[in-house]
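Chains, contacts and geometry: an overview
One-letter residues, chain by chain:
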Amino acid sequence: MDTIVNIIGIIYGLILILTLFVRNRVIESMRVDALFMPEASEKSRPVNLLVGLLVAGYGIYSLLAG
């Protein structure tokens, strides 16, 4: 079960990284800055890259260390 959760976290992290480069209706709904920032705009898109790297990195670390 832990492996499945980590793989889902890695996939979500990759989707967050993808939101910086791709503008798609489905991917736009996954944006972290749009969920938590009141004035989300094009300038706040790099937040998704940072959060995506953290989430995917933690998922990868958990898979390799566990």
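Let me begin by describing the structure that accompanies this report. (Residues numbered from 1 in each chain as written. Predicted model: local features only at pLDDT ≥ 70, side-chain atom pairs only at ≥ 80, totals over all residues. Heavy atoms only, no water.)

So, the overall build of the protein
Looking only at helices and strands, the protein features 4 helices and 0 strands. In the protein, the order of α-helices and β-strands from amino to carboxyl end is α-α-α-α. Principal-axis analysis of the C-alpha atoms places the extent of the protein at approximately 40 × 20 × 20 Å. Each of the 66 residues in the protein was classed as buried or not, and the buried ones make up 29%. Considering only contacts within the protein whose residues lie at least 6 apart along the sequence, 48% involve residues at least 24 apart. Charged side chains in the protein number 5 positive and 5 negative. The centres of these two groups are separated by 8 Å. (Helix = DSSP H or I, 4+ residues; strand = E, 2+ residues; numbered from the N terminus. Buried < 20%, exposed > 50% of the residue type's maximum accessible area, 1.4 Å probe, protein only. Contact = heavy atoms within 4.5 Å. Lys, Arg positive; Asp, Glu negative; His and termini not counted. Charge placed at Lys NZ, Arg CZ, Asp CG, Glu CD.)

With respect to the environment of Arg23
Here Arg23 shows up in the loop between helix 1 (2-18) and helix 2 (25-28). By relative accessible area, Arg23 is classed as exposed at 51%. In sequence terms Arg23 and Ile11 are 12 residues apart; their C-alpha atoms lie 17 Å from each other. Ignoring sequence-local partners within four residues, the contact set of Arg23 consists of Glu28, Glu42 and Arg45. Polar contacts involving the side chain of Arg23 include one to the side chain of Glu42, which spans 2.8 Å. (Polar contact = N/O pair within 3.5 Å; in protein donor to acceptor, adjacent residues only side chain to side chain.)

Some details on helix 4 (residues 46-65)
Between its first and last C-alpha atoms helix 4 spans 28 Å; for 20 residues at 1.5 Å apiece the expected length is 28 Å, and the two agree. Buried residues of helix 4: Asn48, Gly52, Ala56, Gly59 and Ser62, and no others. On an axial view of helix 4, the arc spanned by its buried residues comes to 120°, and they lie on one face. Relative to its buried face, helix 4 has exposed residues pointing more than 90 degrees away, namely Leu50, Leu53, Leu54, Tyr58, Tyr61, Leu64 and Ala65. Packing partners of the buried residues in helix 4 comprise helix 1 and helix 3 (32-36). (Expected span 1.5 Å × (residues − 1). Arc of directions from axis to C-beta.)

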